[in-house]
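Listed here are the chains, written in short residue letters.
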Amino acid sequence: MNPHLVQKLGFGLLALISLVVVIPILLVIGAILAQGAPAISAEFLTAMPRDGMKAGGILPAIVGTLLLTAGTGLVAIPMGVGAAIYLSEYARDTGLTRAVRLAIVNLASVPSVVYGLFGVGIFVLLLQFGTSILAGSLTLAIMTLPVIISTSEEALRAVPMEFRTVSASLGGTPWQGIRRVVLPQALPGIITGVILGLLRSAGETAPILFTVAAFYLPALPQSVMDQTMALPYHLYVISTQVPGMPLSIQFGTALTLLIYVLSMNVIATLIRGYFRRRREW
Amino acid sequence: MIKIRAEHVDAYYGAKQVLADISLDIKERQITALIGPSGCGKSTFMRCLNRMNDSVRIFSLRGDVYLDGDPIYADTYDVVQLRQRVGMVFQRPNPFPQTVYDNVAFGPRVVARERGADLDSIVEESLRRVGLWQELRDKLTQDALSLSLGQQQRLCLARVLSTRPEVILMDEPASALDPIETLRIEDLMRELIELYTIVIVTHNMQQAARVSDWTAFFLTDDGLTGKLVEYGETGQIFTQPDDKRTIDYITGRFG
């Protein structure tokens, strides 16, 4: 067969496959946008739910999800980045560090519902945090850690060894080299990892199911020991647990969650682009 | 005056001996060139002088190296201080991917905790000393990687000078540069020995002959262990060396 024809056929086929990948995403976004957009209004975003969640807004769920993301970040970012710095810069290659790495890889593949049950056992019951923002954030943080650690470690390792050598040759301690040269270079990668991890945690239902999420709580949380509603769980509830729920509220909630996650993604991309512009080696 | 004295230095990577019985006196405010074919241990030896081999886990050293009479491999010797006193310029220009200013300010900032106007004047003085101040005084906030390679290498030299060293080690500092930039670096070295002791590793015979006061010729006969064949005044090494192997090398018969 004519090689040009083969090439054309091949590329055509590949283009088709790529298209097939994109179609479901476009359909999902399209469907949610089409049916959810009419529900979005100032009231929907800023009011408490009314009439058994069938009317009013979803403010407590939005605030709850924002708080959980913040709480997760507060715990998972310092721990995750710290662990990554230790593993990449300080830890020697021993049996122990290899076991730690293996554990991190495995943690990343644990189903989220298992984290949820773990959170109930440790934070809610054993440590007596109750179902609270604290317990939920900690559970989500543990689930997010492996993503943050492995992406951050990768970003740190991508910084050429040479910079550490030069820093040492100028009389810098290893930490001074890390702080002044390596970390700033690795920052875009670390930020990407952090946001990817937080994105995943923001959309999860299972880990917050038993640790923090309230079925219906038309009030904003007052402390970290309070329960809260959260967008993913709220979506689950109004889609499956409440009969006669207007479709527009369901899609409106889904759209809100989608916009939240997508906007975080865009922010991550912008930050990364900003830092990448400034570095080259 | 002897600035650095190496006495019977043996160096090992694991079980492999890479330097055997190197004894060498480096004179203060003079330029000492270490020459020899690839793999002869000249770079390894130079890195023994500021303990840059410490970070290589399997590296070990026997013998002694003295800086101003103090043994730098003594357990109590402060390595951070050693590296401020014995700075290093690398083969490839390697400024940090930061501004010109931040590069030169690195040492004084992180090590001596200099700030503000003091730091500004150290940066200016260091850039002046390498002849970059006129070119870069208005570009201090520019990314160092946007400079030409020659400028980058002189910036790296300024970065070393800002830590106020006494000795500067240069590991083939001009091998990535074009002839004009190479000459600038060499001129600079001749100016700098007013204040500093310089040790340079070079593959370039003409460079060693042009720039150095003393020349040490390293060689390995088994492809592994480097030995010092001959050490003396540069003029003598290049005109009437004692050892036949030195003659062979500098006349280009091998290497």
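Relevant structure appears above.
Heads up: these notes are all about the structure in this document. (Residues numbered from 1 in each chain as written. Chains lettered and ligands numbered in written order. Predicted model: local features only at pLDDT ≥ 70, side-chain atom pairs only at ≥ 80, totals over all residues. Heavy atoms only, no water.)

## What about the nonpolar core?
One finds Leu34, Phe45, Leu127 and Ile168 of chain B to be the most contacted residues of the largest nonpolar core, which totals 112 residues. Examining the composition of this core, we find that twelve residues originate from one element, helix α8 (residues 174–203) of chain A, more than from any other. Apart from the residues lying within four places of it in its own chain, the contact partners of Ile168 of chain B are Gly87, Val89, Leu157, Val160, Leu161, Tyr196, Thr197, Ile198 and Val199 of chain B. (Core = buried A, V, L, I, M, F, W, Y, C linked by side-chain atoms within 4.5 Å. Buried < 20%, exposed > 50% of the residue type's maximum accessible area, 1.4 Å probe, protein only. Helix = DSSP H or I, 4+ residues; strand = E, 2+ residues; numbered from the N terminus. Contact = heavy atoms within 4.5 Å.)

## Topic: the interface of chain A and chain B
At the interface, 19 residues of chain A touch 26 residues of chain B. Interface area, chain A with chain B, both sides summed: about 1900 Å², of which 61% is carbon and sulfur. Looking at the side of chain A facing chain B, the largest losses of area belong to Ser169, Leu170 and Arg180 of chain A, adding up to 33% of the total buried there. Between chain A and chain B we count one salt bridge in total. In this structure, the salt-bridge partner of Arg92 of chain B is Glu162 of chain A, at a minimum N-O distance of 2.7 Å. At the junction of chain A and chain B, the tally comes to four residue pairs in polar contact (both at pLDDT 80 or more). (Buried area = accessible area lost by both parts, 1.4 Å probe. Salt bridge = Lys/Arg side-chain N within 4 Å of Asp/Glu carboxyl O. Polar contact = N/O pair within 3.5 Å; in protein donor to acceptor, adjacent residues only side chain to side chain.)

## Some words on a nonpolar patch on the surface
Side chains of Phe11, Leu13, Leu14, Leu16, Ile17, Val21, Val22 and Leu26 of chain A sit close together on the surface and give an oily, nonpolar patch of about 800 Å² of accessible area. Position of Val22 of chain A among the secondary structure elements: in helix α1 (residues 3–36). (Patch = residues over 30% accessible without salt bridge, like charges linked within 9 Å, V, L, I, M, F, W, Y side chains within 5 Å. Areas by Shrake-Rupley, 256 points an atom, 1.4 Å probe, with all protein chains shown as cover.)

## Considering the packing of aromatic side chains
Tallied over the full model, the rule gives nine aromatic pairs over all chains. Between Phe217 of chain B and Tyr249 of chain B the ring centres are 5.0 Å apart and the planes differ by 25°, which places this aromatic pair in the stacked class. Of this pair, Phe217 of chain B sits in strand β9 (residues 214–220) while Tyr249 of chain B sits in helix α10 (residues 244–250), and the two are 32 residues apart along the sequence. Neither residue differs from the other here; Phe217 of chain B and Tyr249 of chain B are each classed as buried. An aromatic cluster of at least three residues, connected via ring pairs, comprises Phe118, Phe123 and Phe129 of chain A. Positioned over the ring face of Tyr73 of chain B is Arg51 of chain B, at 5.0 Å from the centre of the ring. In this structure, Arg159 of chain B packs its charged tip against the face of Phe96 of chain B, placed 4.5 Å from the ring centre. (Phe/Tyr/Trp six-rings, centres within 6.5 Å; stacked < 30°, edge-to-face > 60°. Lys NZ or Arg CZ within 6 Å of the ring centre and 35° of its normal.)

## Comments concerning the pairing of strand β10 (residues 226–233) of chain B
All names here are of chain B. The pairing of β9 with β10 spans seven bridges and is classified as antiparallel. Its bridge partner lying in β10, Ala216 is registered against Tyr231. Between the end of β9 and the start of β10, which pair antiparallel, lie five residues, with Gly223 showing a positive phi angle near 75°. (Pairing = 2+ DSSP bridges.)

## Some details on the layout of surface pockets
In this structure, the largest pocket spans a volume of roughly 890 Å³. Lining the largest pocket are 31 residues, with Glu89, Met161, Arg164 and Pro174 of chain A together with Ser55 of chain B positioned closest to its centre. The biggest single contributor to the lining of the largest pocket is helix α7 (residues 161–169) of chain A, with five residues. Each residue belonging to the lining of the largest pocket can be placed in one class, and the counts come to twelve nonpolar, nine polar and ten charged. (1 Å grid on protein atoms, 1.4 Å probe; cavity = no way out; pocket = protein on both sides within 12 Å on 5 of 7 lines; lining within 4 Å. Points joined across faces, edges and corners; volume = space filled by probe spheres on them. Nonpolar A, V, L, I, M, F, W, Y, C, P; charged D, E, K, R; others polar.)

## Topic: the packing of helix α6 (residues 149–161) of chain B against helix α7 (residues 179–192) of chain B
All names here are of chain B. Interaxial distance between α6 and α7 falls to 9 Å at its minimum, and their mutual angle equals 20°. One element, α6, and the other, α7, form an angle in the roughly parallel class. α7 is crossed by α6, and the crossing has right-handed handedness. Contact residues: α6 offers Leu149, Gly150, Gln153, Arg154, Leu157 and Leu161, while α7 offers Glu181, Arg184, Ile185, Leu188 and Leu192. (Axes fitted to C-alpha atoms, helices over the stretch in contact; angles between N-to-C directions. Parallel < 35°, antiparallel > 145°, perpendicular 65-115°, else oblique. Left-handed = near helix turned anticlockwise from the far one by under 90°.)

None of the figures reported here should be taken as evidence of function without further support.
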